[in-house]
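A closer look at the structure
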Amino acid sequence: MVLASAASVVAPAPVGARAFPSRPIRIVVPYAPGGGADTVARLLAPKLQDALGQSVMIDNKPGAGGVIGDDVVAKAPPDGHTLLLGAFAHAVNPSLLPRMPFRTPDDFAPISLLVVVPDLLVVTPSLPATSVAELIALAKAQPGKLAYGSAGNGTAQHLAAELFKARTGCDIQHVPYKGGGPALVDVAAGHVQMLFGNMSSALPQAQAGRVRAVAVTSPKRSPAAPDVPTVAESGVPGYDVYEWNALLAPAGTPAAVIERLQQEAAKALRLPDVVARLATLGAEPVGSTPETFAAFLRTEIAKWADIVKTAGIKAE
């Protein structure tokens, strides 16, 4: 996966965007306060506010796996004053929830892929597997005996494990939890054997010795855990999973407004305090162009549609 760097030269704002914004901007976060998407939105909002000269407010609209908040933005006036802080589920919901009240990606205008966050494959310390190869061998020697936890059906953690199963031929069982925290606790306790956990929560537990870090899911090693190999380099070529956050607007938003928002978001992601805070979450800033993000989103939608179909995943 090739991602455009946020470090590219930023051109002056186009003429058509100079009258924008004319009133406060609302960033809809389709999840509850305190999660990864909400954290990214609250990092970005004050920087955009300073750059654009208008208030930038966060509006949490949780529910239905992100669909409620997405729908608010899909139906908002396409003028750049209502934006979506999109996440991984934005690409999965089209296949998981085929009867949504909007069309993805058609009803949204991509602005920028903001950050990517790999998951961390961790196992219970008592499991006799210290590498991906050993884990695969153990799973194949005991088909159906190992179990992986997840934050729930259709979540990034669930799909990361199902992609792992599809790429390796392992027979491991899914145990969904009501959130990633309880799943991680049960991996530490040995009630389930493995988890593709969110980096920000799983890495501290691995560093404390409560779980064992086996691999990261990104195609390159994570700066947050440089000594932990990737799943791909550990013998599963092409394995590539990121959780991510992005900025989107309603379809039909003027190109000049999209360009202005992308430029200011990219600038914000290069600020030292933003980079430092993202690093604590295991997140890597991107700040891609709209075109690069659009291509990334199409790839994500197709990849996860195939996994949802192959694994027979249904919405809870």
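What this report covers is the structure whose coordinates are included nearby. Bear in mind that the values here come from a model prediction, so they are computed numbers and not experimental data.

When you go through the protein residue by residue, the secondary structure sums to 10 helices and 10 strands. Over its C-alpha trace the protein gives a radius of gyration of 20 Å, about what one expects of a compact globule, namely 20 Å for 316 residues. Dimensions along the principal axes, computed over C-alpha positions, put the protein at roughly 65 × 40 × 30 Å. Burial status across the protein gives 52% buried among its 316 residues.

All right, on to the packing of helix H5 (residues 156-168) against helix H10 (residues 290-311) then. Between H5 and H10, the shortest axis-to-axis distance is 10 Å and the interhelical angle comes to 75 degrees. As judged from the angle between their axes, H5 and H10 are roughly perpendicular. Contacts between H5 and H10 involve Leu159, Ala160, Glu162, Leu163 and Ala166 from the first element and Trp304, Ile307, Val308 and Ala311 from the second. Taken together, the residues of the contact of H5 with H10 sort by class into eight nonpolar, no polar and one charged.

The sheet contact formed by strand S5 (residues 147-150) and strand S6 (residues 173-176) spans four bridges and is parallel. When the sheet's bridge partners are listed, Gly149 is paired in S6 with Val175. Following the backbone out of S5, through H5 and into the adjacent parallel S6, one traces a crossover that is right-handed.

One pass over the full model with this rule turns up 12 salt bridges. Two residues, Arg103 and Asp106, come together in a salt bridge whose shortest N-O distance is 3.8 Å. Among the salt bridges present, the one from Glu300 reaches Lys303, with a minimum N-O distance of 3.5 Å. A residue pair is termed a helical-turn pair when its members lie 3 or 4 positions apart in one helix, as Glu300 and Lys303 do in helix H10 at three residues. Here the salt bridges share partners, and the residues they tie into one network are Arg103, Asp106 and Asp107.

In this section: the side chain of Asn60. With respect to the helices and strands, the residue Asn60 is situated in strand S2 (residues 56-60). Of note is the side chain of Asn60, whose polar atom sits 3.0 Å from the backbone oxygen of Tyr31. A distance of 3.0 Å separates a polar atom in the side chain of Asn60 from a polar atom in the side chain of Asp38. If we ignore the near neighbours within four places in the chain, the residues touching Asn60 are Val29, Tyr31, Ala32, Pro33, Asp38 and Arg42.

Okay, empty space enclosed by the protein next. Counted by the stated rule, this structure contains two cavities of 30 Å³ or more. For the largest cavity, the calculated volume is near 40 Å³. Breaking the lining of the largest cavity down by element, the ones donating at least two residues are helix H1 (36-52), helix H8 (255-269) and helix H9 (272-280). With four residues, the top contributor of residues to the lining of the largest cavity is H1. For the lining of the largest cavity, the residue count by class is seven nonpolar, no polar and one charged. Counted as a void, the second largest cavity has a volume near 30 Å³.

Cut-offs and rules
Residues numbered from 1 in each chain as written. Predicted model: local features only at pLDDT ≥ 70, side-chain atom pairs only at ≥ 80, totals over all residues. Heavy atoms only, no water. Helix = DSSP H or I, 4+ residues; strand = E, 2+ residues; numbered from the N terminus. Rg over C-alpha atoms; globule rule 2.2 N^0.38 Å. Buried < 20%, exposed > 50% of the residue type's maximum accessible area, 1.4 Å probe, protein only. Axes fitted to C-alpha atoms, helices over the stretch in contact; angles between N-to-C directions. Parallel < 35°, antiparallel > 145°, perpendicular 65-115°, else oblique. Contact = heavy atoms within 4.5 Å. Nonpolar A, V, L, I, M, F, W, Y, C, P; charged D, E, K, R; others polar. Pairing = 2+ DSSP bridges. Right-handed = clockwise from strand over helix to strand, strands pointing away. Salt bridge = Lys/Arg side-chain N within 4 Å of Asp/Glu carboxyl O. Polar contact = N/O pair within 3.5 Å; in protein donor to acceptor, adjacent residues only side chain to side chain. 1 Å grid on protein atoms, 1.4 Å probe; cavity = no way out; pocket = protein on both sides within 12 Å on 5 of 7 lines; lining within 4 Å. Points joined across faces, edges and corners; volume = space filled by probe spheres on them.

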